[in-house]
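Spelled out from the first residue to the last, the chains are:
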2 protein chains.
Amino acid sequence: MKLKTLLLALSLIGGTAMAQESKIAEMQQKAKALIAQMTVEEKIEQLMNATPGIERLGIKPYNYWSEALHGVARNGKATVFPEPIGMGASFNPELLQAVGEAISDEARAKFDDSQRLQRYGIYAGLTFWSPNVNIFRDPRWGRGMETFGEDPYLTGVMGSAFVHGMQGNDPFYLKTATCAKHFAVHSGPETLRHSFDARPSQRDLFETYLPAFRTLVEDAKVEIVMGAYNRVFGKSASGSDYLLTDLLRNQWGFQGHVVSDCGAVTDIWQGHKLAADGAEACAIAIKAGLNVECGDTFQYMGEALKRGLVTEEELDNALLPLLMTRIKLGILFDDPDCPYNHCAETSTILSKEHVALARRAAQETMLLLKNDEALPIDKNINSICVVGAGATDIFSMFGNYYGVSNHYTTYLEGIVDKVSPSTSVLHRSGYMYGGPNLNAVDWSYGDAQGADVCVLVLGNTGNFEGEEGDAIATVEQGDRTTLMLPEHQMEYFRKVAKDHKNKLVTVITGGSPVDLREIYAGSDAVIQVWYPGQEGGTALADLLFGDANFSGRLPMTVPVSTEVLPDFDNYDMHGRTYKYMDQENILFPFGYGLSYGQVQYDDAALEGPVDGDNRGIFDLKRIKKGKQEPIRMQAKIWTEGTQPVYETMQLYACAPGSAAVEGCKVGEAGDVANSQLIAFRKVLVKPGEPQIVTFEITPEDLMTVQPDGTKALVKGVHSLYLGAAAPGVRSSELGVSIVGTAVVVK
Amino acid sequence: MKLKTLLLALSLIGGTAMAQESKIAEMQQKAKALIAQMTVEEKIEQLMNATPGIERLGIKPYNYWSEALHGVARNGKATVFPEPIGMGASFNPELLQAVGEAISDEARAKFDDSQRLQRYGIYAGLTFWSPNVNIFRDPRWGRGMETFGEDPYLTGVMGSAFVHGMQGNDPFYLKTATCAKHFAVHSGPETLRHSFDARPSQRDLFETYLPAFRTLVEDAKVEIVMGAYNRVFGKSASGSDYLLTDLLRNQWGFQGHVVSDCGAVTDIWQGHKLAADGAEACAIAIKAGLNVECGDTFQYMGEALKRGLVTEEELDNALLPLLMTRIKLGILFDDPDCPYNHCAETSTILSKEHVALARRAAQETMLLLKNDEALPIDKNINSICVVGAGATDIFSMFGNYYGVSNHYTTYLEGIVDKVSPSTSVLHRSGYMYGGPNLNAVDWSYGDAQGADVCVLVLGNTGNFEGEEGDAIATVEQGDRTTLMLPEHQMEYFRKVAKDHKNKLVTVITGGSPVDLREIYAGSDAVIQVWYPGQEGGTALADLLFGDANFSGRLPMTVPVSTEVLPDFDNYDMHGRTYKYMDQENILFPFGYGLSYGQVQYDDAALEGPVDGDNRGIFDLKRIKKGKQEPIRMQAKIWTEGTQPVYETMQLYACAPGSAAVEGCKVGEAGDVANSQLIAFRKVLVKPGEPQIVTFEITPEDLMTVQPDGTKALVKGVHSLYLGAAAPGVRSSELGVSIVGTAVVVK
């Protein structure tokens, strides 16, 4: 009986894989048969994002353009989760996967309702153009908020978690389709995106710009890839055979479809001037491997056919993966076998569970940068002041590519909800986002100065940073020109910092680093809240009053000021991110963030092959033979606080030649990254319960990208650092607990 | 048995009145005994708002300064009701009384909690410096939002309702104490308030500036009156024996205490230069009838005593009514007989009932000015856009003198909550408060232009209008210099009005008239929402989607533009309000407002003494003998709509010599008001159910104030107009339904 069950199980597993392959083949045949019945005009129409229906073939209208960066976006009511930069700060892929599951639940419910009402417009579909796995290369980039930060490894892990949550786990069908964008080497300036030619070094390309895309394609099986606007090595990223065919399909085995960024094909001829006209641009895009255009240059496809620039077969080839996406979604023919069809309840939209998840997510994104005995706040405090325009405007919690909820909680409301009935809560708007105060009789702080604690909300909103035309307060089309906050906000900060008599807690909104020197010096506590979504106020209040513990960690380096940044349009990574930034330019290191009760690391030790000095040994010959055993690094962690802490343990490797923990000047250390994150784990550390935590390290983990773009395991001593931020002088100065050991590669 | 019960009841009624008098006498003796035990220094300390305790006399510290303009204010969590200007628009005194009851419930709960925690600071008491019954004389006045509008009668009725709700109905004890402010002739400019000398005509004084105060004192028994900053006829209002003693105590029988506006006594010597020093200012104030100073000039009272400028007896006399207020509140000795002591539950704060009341109140304040088949909106609408900074910022709903809630609903949230799961809700911030858009690539309206309905939120906030130093965006210390909205808001309006393809609904926030010409012309619907408090978003959405009907009516005239206004510092009423404004200067008349389903008036008729022409007759001889019978005016009202309407029936009288309904130019008609509101009633009109409604008219109702300030019933024909706005050419042009009749006084 037992044996029988085992055999049955085995046959099912094998059978599933086989069934899977035959299902793909069967569906491809079906798609090909459909394509064969289409006229050329119909094919062309199907290759642009807003496709019409073809009634005689049973094909409904469908628009490939939908958005779900942190919740179903631009399509009516939905739970609004934190902007991805904050999810990067959570260092919690399980949490992000759960968020993806919730979003896709709501997406299916909304899709069913839309179909019922025959609404086939933009944003009403199931092909979501998220996540953005570009690298937050420069803090000025307006769209940096959409990313998971500056680290390729973290970006790959978080992006994959989102894809898994959104796409579901059926072997064939997709719950929703997600999209890795913008492929590739895309991170501003927004003013140049339609004309810029990025020419990164091979090392930067394969070390920084491509790994997250590769992870999403190879590991997470992302269904869609979006070509970027800019050129890469002279060719439009949306018309690059190297990117879209050689790398993506041939080397990485991508099976889904490629969409252009919106208008990117038009940019081929009008922006980049790589084609004489629209027909030539069509040909470049199709031949390079693009499957669907977001835009309208494909209207010249018929002309391109006539002129012999493209063949109908090329159109058929482009169309096949595109139709396959809709087949995998079960929506091309309203497939009854698709487990995601017609089972979503509209009650899932903004359900109690989803709202609770949004609150937990927001808690985990928020980041404590300083706490000089100001926090947590006693709920029975006598008086608290809450000042600043960001405290009352839910827009300060939106970010970009957002949906809309029926219930947000502002920071003011969150705080009011926590305090006792007779706690005095003094509110002042304080400043306005768009300009300076004009009233000479200035009550903008007023009697709030006597409050026991003052919570001052400063920072950016989606009007100060964002995409091209989105951020209305920017002169550089969405990008910032400075890391400073608007001067009238700083004036208000100075007034409050001067007048306040007790504790000052400064809360910074926004999706990117700001120049925090003055704020850090003048505040008793500093918190970065990003764009936390609808539960921003409840989450912040949970943290402020100690009902939850801070666990956010910086997903990017905070430089001391604008002045230390390389030119914005310089795609060379020297001087950027924790890997290549000079330590004296760093105010807060990557991975940094405080909690109530610091977590300490100690007793680093290695298990597995070690030498007499307790250094691990990787033997290249054994590796070649497949006989190398992994090494396990362990350390003790504990907290001296009174609250449990969710600690993000971060493991960094420093290859031979890196400046490693001391010095860390790229100039001195040469071309090798100071360190690179190779693993992290968020663990719950309870007071009085020290833990031994173990990380397994494989030779693959210690490989580094060489100047020619290849990966290699370099001979010599590789340092390993396990701790609460990226290793370096600045982390030492801040008292970050980090333990080190080493592995010798021979 | 029955007789016995009756006799008992009668004896109780008589007994109550007697008991009441003896209770007052007893308590006054107690207070006097206390005063007798105080040192001079202690007496002086008790005459300033932040009084210390006197332990040996069992007196606790107490601060007379608390605020509750539309909810307990500046003292932590509380239900936030609409700003008074909106309550004026509700024309619903019963509603406002209920609001007052809710506020005082919360006030008592908060007071108990404060006392338990020994918190005796500012804003933590039970003496609330509301309502503001000043007349909204000029739309530029920053504090106009605090008033019930421009009409003295409406102001008196609404102010009294608030006082009744707040003070409770015990014959001796007070639930809370309220304050009629600012006494008198006070309505800007804020820049001049510490130095200005108001010299109104006797007619304006007794017709416009004083009636509401008199009503609150005589009818509503308001416990506190606050002296204004400005001078009146040369004397500081806070140091005017004419205002504080002759009128208030001697003529009107005021029994409570008078507080100065904060710093007003200092203004006597430093602002108005009416005294050489602080001691002289003390003497002026005390001798004039002031009981307690908000400020610190009374620190010179000791010196004034020494110099013989005041006597200790005068201090005792000032102190008696002040201590009596605390005795009536039951809090000077923690009086166990006070029915309001120690019975409040903190759960009353922000209770479900109070929040529901705040929502209903907000609904009744909002005002529909235009509806060209744009409203109500179908909840299953395909797409709706919600744009404008005011749509997401709860501060746009605060007004001034506000409390803070743990839960506000923005306009965006309210709308999102109503629509179907697949309704597309497109949001853009659109513009920023405080400055223009800077981004040349302008997506500030973007794809929202295709939405079926666009809801654009424009308008002022507490930063653009308010008190002196409060409104940070004003150059004139809280006042506006123009009725125009900020130019960058108008630029955005023009963009939206040009680009939008379907219905445009413009929502105007703020507490005062704005220049609506361009907005009215370019919008399909226009709504004034005032500062609606925490339920602003739910209330607006209820109205937008037809779950409730608009019933707000203008509590002030909306002039066509800034240019038609008299000089701001001119206190002459000519050219102001519906009574004296030229009809061609009026964009929307006083009392105007639309509902779903217009209410029609017809069949006006009089009952009682009428002549052969069906005109009523008031006979001065019969009146003198007390034999005049009242006249009853009746009319039929009905609605042709499909929804019930809460209609505000307004009865206006036009005395002989007034321009009445035709012409209405003050210049032509002389010095007599065009019309004056003498009664109103908010009635529910159901579709298909016409009603006959009757108003009783007494000779008193038709009396008018003469040039010498006396009231008289003038011989001749008095016109009566019953309808949906103030009578006049502009009301006719707008198609307002009004019926007329007349009464002859002979």
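Structural notes, computed from the coordinates. Being a predicted model, the structure only gives us computed values, none of them experimental. (Residues numbered from 1 in each chain as written. Chains lettered and ligands numbered in written order. Predicted model: local features only at pLDDT ≥ 70, side-chain atom pairs only at ≥ 80, totals over all residues. Heavy atoms only, no water.)

### Looking at the interface of chain A and chain B
Across the contact, 70 residues belong to chain A and 70 residues belong to chain B. Between chain A and chain B the total buried area reaches about 5,600 Å² when both faces are included, carbon and sulfur atoms providing 55% of it. Three residues stand out in chain A for area buried against chain B, namely Arg119, Pro421 and Ile472 of chain A, and they jointly supply 12% of the buried area on that side. Summed over the shared surface of chain A and chain B, the number is 2 salt bridges. For Asp470 of chain A, the salt bridge identified is with Arg428 of chain B, shortest N-O distance 2.8 Å. For the pair chain A and chain B, the interface holds 46 residue pairs in polar contact (both at pLDDT 80 or more). At the level of elements, helix H4 (93-116), helix H14 (411-418) and strand S11 (424-428) of chain A are the ones that each hand at least two residues to the side of chain A that touches chain B. Element by element, the count of residues in the side of chain A that touches chain B is highest for S11 of chain A, at 5 residues. Residues belonging to the side of chain A that touches chain B are distributed by class as follows: 27 nonpolar, 28 polar and 15 charged. (Contact = heavy atoms within 4.5 Å. Buried area = accessible area lost by both parts, 1.4 Å probe. Salt bridge = Lys/Arg side-chain N within 4 Å of Asp/Glu carboxyl O. Polar contact = N/O pair within 3.5 Å; in protein donor to acceptor, adjacent residues only side chain to side chain. Helix = DSSP H or I, 4+ residues; strand = E, 2+ residues; numbered from the N terminus. Nonpolar A, V, L, I, M, F, W, Y, C, P; charged D, E, K, R; others polar.)

### So, helix H12 (residues 312-328) of chain A
Residues and elements named next belong to chain A. Relative to the 24 Å expected for 17 residues at 1.5 Å per residue, H12 spans 24 Å between its end C-alpha atoms, a close match to the ideal helical length. For H12, the buried fraction is high: 12 of the 17 residues fall into the buried class. Within the sequence span of H12, burial applies to Leu315, Ala318, Leu319, Leu320, Pro321, Leu322, Leu323, Met324, Thr325, Arg326, Ile327 and Lys328. In the stretch just after H12, Gly330 is the one whose phi turns positive, near 75°. (Expected span 1.5 Å × (residues − 1). Buried < 20%, exposed > 50% of the residue type's maximum accessible area, 1.4 Å probe, protein only.)

### Focus on the state of the cysteines
The full count for this structure, using the stated rule, is 4 disulfides over all chains. A sulfur-sulfur distance of 2.1 Å marks the disulfide that ties Cys385 of chain A to Cys454 of chain A. Placement of the pair is Cys385 of chain A in strand S10 (residues 383-387) and Cys454 of chain A in strand S12 (residues 453-459), with a sequence separation of 69 residues. An identical accessibility class is assigned to Cys385 of chain A and Cys454 of chain A; each is buried. Two residues, Cys262 of chain B and Cys294 of chain B, share a disulfide whose sulfurs are 2.1 Å apart. Here Cys262 of chain B and Cys294 of chain B share a disulfide; its torsion about the S-S bond, 90°, makes the bridge right-handed. Here the residue Cys262 of chain B occupies a position in the loop between strand S8 (257-260) and helix H9 (264-271), and Cys294 of chain B occupies one in the loop between helix H10 (278-288) and helix H11 (301-306), the gap between them amounting to 32 residues. What makes Cys294 of chain B buried here is its relative accessible area of 2%. Cysteine Cys179 of chain B remains unbridged, with the sulfur of Cys262 of chain B as its closest cysteine sulfur at 9.8 Å. (Disulfide = S-S within 2.5 Å.)

### A short note on the side chain of Gln167 of chain B
All names here are of chain B. By secondary structure assignment, the location of Gln167 is in helix H5 (residues 152-167). Separated by 2.9 Å, the side chains of Gln167 and Thr178 make a polar contact. A distance of 3.0 Å separates the side chain of Gln167 from the backbone nitrogen of Glu223, its partner in a polar contact. In contact with Gln167, other than residues within four places in its own chain, are Tyr173, Leu174, Lys175, Thr176, Ala177, Thr178, Ala220, Lys221, Val222, Glu223 and Tyr340.

### Details of the environment of Met556 of chain A
Residues and elements named next belong to chain A. Note that Met556 resides in the loop between helix H17 (536-544) and strand S15 (558-559). Exposure remark for Met556: the relative accessible area of 3% places this residue in the buried category. Remark: the alpha-carbon pair of Met556 and Val736, spanning 180 residues in sequence, is separated by 16 Å. If we ignore the near neighbours within four places in the chain, the residues touching Met556 are Ile85, Phe136, Glu150, Ser512, Pro513, Trp530 and Phe590.

### Some details on the relation of the copies chain A and chain B
With an axial shift of 0.0 Å and an RMSD of 0.0 Å, the rotation relating chain A to chain B amounts to 180°. Here the copies are linked by what is in effect a two-fold axis. (Least-squares fit on C-alpha atoms with pLDDT ≥ 70 in both.)

### As for the packing of H5 of chain B against helix H7 (residues 211-218) of chain B
Residue and element names in this part refer to chain B. At a closest axis distance of 8 Å, the pairing of H5 and H7 adopts a crossing angle of 30°. Viewed along their axes, H5 and H7 adopt a mutual orientation that is roughly parallel. Like other packed secondary-structure pairs, H5 and H7 cross with a definite hand, here right-handed. On H7, the residues touching Pro152, Thr155, Gly156, Gly159, Ser160 and Val163 of H5 are Pro211, Ala212, Thr215 and Leu216. Here the contact of H5 with H7 is composed, by residue class, of 5 nonpolar, 5 polar and no charged. (Axes fitted to C-alpha atoms, helices over the stretch in contact; angles between N-to-C directions. Parallel < 35°, antiparallel > 145°, perpendicular 65-115°, else oblique. Left-handed = near helix turned anticlockwise from the far one by under 90°.)

### Topic: H7 of chain B
All names here are of chain B. Along H7, the residues that are buried comprise Ala212, Phe213, Leu216 and Val217. Axial view of H7: buried residues confined to an arc of 135°, hence all on one face. Lining the buried residues of H7 we find H5, strand S3 (179-183), helix H6 (202-209), strand S5 (224-227) and helix H8 (241-251). (Arc of directions from axis to C-beta.)

### Details of unusual backbone geometry
Put simply, Phe183 of chain A and Ala184 of chain A share a cis peptide bond, and its omega is 10°. Backbone torsion omega between Leu375 of chain B and Pro376 of chain B reads -5°, so that peptide bond is classified as cis. Residues other than glycine seldom take positive phi values, yet Asp334 of chain A does so here, at roughly 50°. Here Asp334 of chain A shows up in the loop between H12 and helix H13 (352-365).

These results come straight from atomic positions and should not be treated as a statement about function.
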